[in-house]
Amino acid sequence: AAGAQAVDYVQVVADESYVYVAMRVDTPSGGEDIWMASSMDHGATWNPTLQANTAAADCDYVSIACEGANAFVTFADNRNSASEDDLFLRMTHNGGVSWMMNMLDEQIDEGGPNNGDVEAPELLISGGMTGLVVGWLEDQTLSSPNDEELHIRYSPNGGHMWPLPESTLGAGFDVENPSIAFDGATIIAAWEDDRSGRDEIYAAVSRDFGLSWTEHS
């Protein structure tokens, strides 16, 4: 753990000899920070632990993906609004020795302060440097403020730029238990929602990186 504080969530990913551990760690003030530990030799030795969030805020969710020496950490915190979380990304390209230079934690969701609360208990992330897809639940639909919809966003270069707007699926139908997959060209999303009056499974496919979707039930 980072320091002497309690860890209440851990996620581990690995690729080749690289191992990454994302942690949500309690702070002395009662909030939570996001930290990452990393190894480049199958866990035999470990780099110094890095803190992902740069703002003094309460972090609620975290997810991590990796591709060799590249690792991508997404997390939600309330730096912009005390009552609502936004989504942020941090990345490393040297096996976790340091975060990418000249790039702090970057906001991914387009909602802005007081416009949607990121609420997914598990954030979704797939892909790598040649295409990264992030998914999350957020209650941004004004006509249904208590129901979460699935949001998905694509970056063509591992999170360095996000030229396309985020997609919204299942708006107004209280989406739960989402999952995404990405093969470099096609994004597939699946989730459950209650549009029929009971929770059922739905899926959608995009072959243009989220600009348009074909939905299946």
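Please refer to the structure placed before this passage.
Just so you know, the residues in each chain are numbered from 1, in the order the chain's sequence is written. Totals for whole chains, interfaces and linings use every residue, but because this is a predicted model, local features are given only for residues with pLDDT of at least 70 and side-chain atom pairs only at 80 or more, for both listing and counting. Values reported for side chains reflect all heavy atoms of the structure, with hydrogen atoms and water molecules removed beforehand.

*Asks:* Describe the overall build of the protein chain, with residues and values.
*Replies:* Strands are runs of DSSP state E lasting at least two residues, helices are runs of H or I lasting at least four, and both sets are numbered from the N terminus onward. Within the protein chain, the regular secondary structure consists of zero helices and 16 strands. Using C-alpha atoms as the atom set, the radius of gyration is obtained and then compared with a globule rule of 2.2 Å times the number of residues to the power 0.38. Relative to the globule expectation of 17 Å for 217 residues, the C-alpha radius of gyration of the protein chain, 17 Å, shows essentially globular dimensions. Counting only C-alpha atoms, the protein chain reaches 50 × 40 × 30 Å along its principal axes. The classification of residues rests on relative accessible area computed with a 1.4 Å probe and restricted to protein chains. Under 20% of the type maximum is buried, over 50% is exposed, and intermediate values are partly exposed. Burial statistics for the protein chain: of 217 residues in total, 53% are counted as buried. In the protein chain, of all internal contacts separated by at least 6 residues, the share reaching a separation of at least 24 is 43%. All accessible areas in this document rest on Shrake-Rupley with a 1.4 Å probe, and a residue is counted as covered only by the protein chains that are shown. Carbon and sulfur atoms provide 50% of the accessible area of the protein chain, an area that totals close to 9500 Å². Only four residue types enter the charge count, namely Lys and Arg as positive and Asp and Glu as negative; His and the chain termini do not. To locate a charge, take atom NZ for lysine, CZ for arginine, CG for aspartate or CD for glutamate. Across the protein chain, the 7 positively charged side chains and the 37 negatively charged ones have centroids separated by 4 Å. In what follows, residue pairs with any heavy atoms lying within 4.5 Å of each other are defined as contacts.

*Asks:* Can you explain the sheet that holds strand 8 (residues 106-107)? Please cite residues and give values.
*Replies:* One open sheet holds the four strands; their spatial order is 5-6-7-8, and the pairing between them is antiparallel. Two strands in the sheet have a free side with no partner beyond their single neighbour: strand 5 (59-67) and strand 8. Here, any two strands with at least 2 DSSP bridges between them count as paired. Pairing between strand 5 and strand 6 (residues 70-77): eight bridges, direction antiparallel. The residue of strand 6 that forms the bridge with Cys59 is Asp77.

*Asks:* Before we move on, can you summarise the sheet that holds strand 10 (residues 131-138) with the specific residues and values?
*Replies:* Taken in spatial order, the four strands line up as 9-10-11-12 in an open sheet, and their pairing is antiparallel. In this open sheet, the two edge strands, each paired with only one partner strand, are strand 9 (124-128) and strand 12 (167-169). Adjacent strand axes in the sheet meet at a mean angle of 20 degrees when their direction is disregarded. Across three bridges, strand 11 (residues 149-155) lies against strand 12 in antiparallel orientation. Following the sheet pairing, Ile152 is matched in strand 12 by Ser167. Axis definition: a line fitted to C-alpha atoms, over the contacting stretch in the case of helices. Angles run 0 to 180 degrees between N-to-C directions.

*Asks:* Which residues make up a nonpolar patch on the surface, and what values go with them?
*Replies:* Exposure above 30% relative accessible area and the absence of a salt bridge qualify a residue for a patch, where like charges join within 9 Å and nonpolar side chains (Val, Leu, Ile, Met, Phe, Trp, Tyr) within 5 Å. Whenever Lys or Arg places a side-chain nitrogen within 4 Å of a carboxyl oxygen from Asp or Glu, that contact is recorded as a salt bridge. Together, Val7, Val10 and Val12 give the surface a local cluster of nonpolar side chains, amounting to about 230 Å² of exposed area. By relative accessible area, which is 44% here, Val10 ends up partly exposed.

*Asks:* Can you tell me about the pattern of salt bridges, naming the residues and giving the values?
*Replies:* One pass over the structure, following the stated rule, counts eight salt bridges. Measuring nitrogen to oxygen at the nearest pair gives 2.6 Å for the salt bridge that ties Arg79 to Asp105. Within this pair, whereas Arg79 is found in the loop between strand 6 and strand 7 (86-92), its partner Asp105 is found in the loop between strand 7 and strand 8, the two being separated by 26 residues in sequence. Using a relative accessible area of 26% as the deciding quantity, one classes Arg79 as partly exposed. The exposure class assigned to Asp105 is buried, which follows from its relative accessible area of 10%.

*Asks:* Break down the pairing of strand 6 for me, citing the residues and quoting the values.
*Replies:* Taking burial as the measure, the eight residues of strand 6 include eight buried ones, the bulk of the element. What sits between strand 5 and strand 6 in their antiparallel hairpin is a turn of two residues, with Gly68 showing a positive phi close to 60 degrees. Bridging between strand 6 and strand 7 involves seven bridges; their strand directions are antiparallel. By the bridge assignment, Ala71 is partnered in strand 7 with Thr92.

*Asks:* Provide a residue-level description of the side chain of Asp193, including the pertinent values.
*Replies:* Mapped onto the elements of the fold, Asp193 is located in strand 14 (residues 187-193). Residue classification places Asp193 among the buried residues on the basis of a relative accessible area of 0%. Polar contacts, as used here, are pairs of N or O atoms within 3.5 Å; protein pairs need one atom able to donate a hydrogen and one able to accept it. Residues neighboring in sequence count only if both atoms are side-chain atoms. Here Trp191 takes part through its side chain, which lies 2.9 Å from a polar atom of the side chain of Asp193. Polar side-chain contacts of Asp193 include one of 2.7 Å to the side chain of Arg195. Apart from the residues lying within four places of it in its own chain, the contact partners of Asp193 are Gly170, Phe173, Asp174, Val175, Arg198, Asp199, Glu200 and Tyr202.

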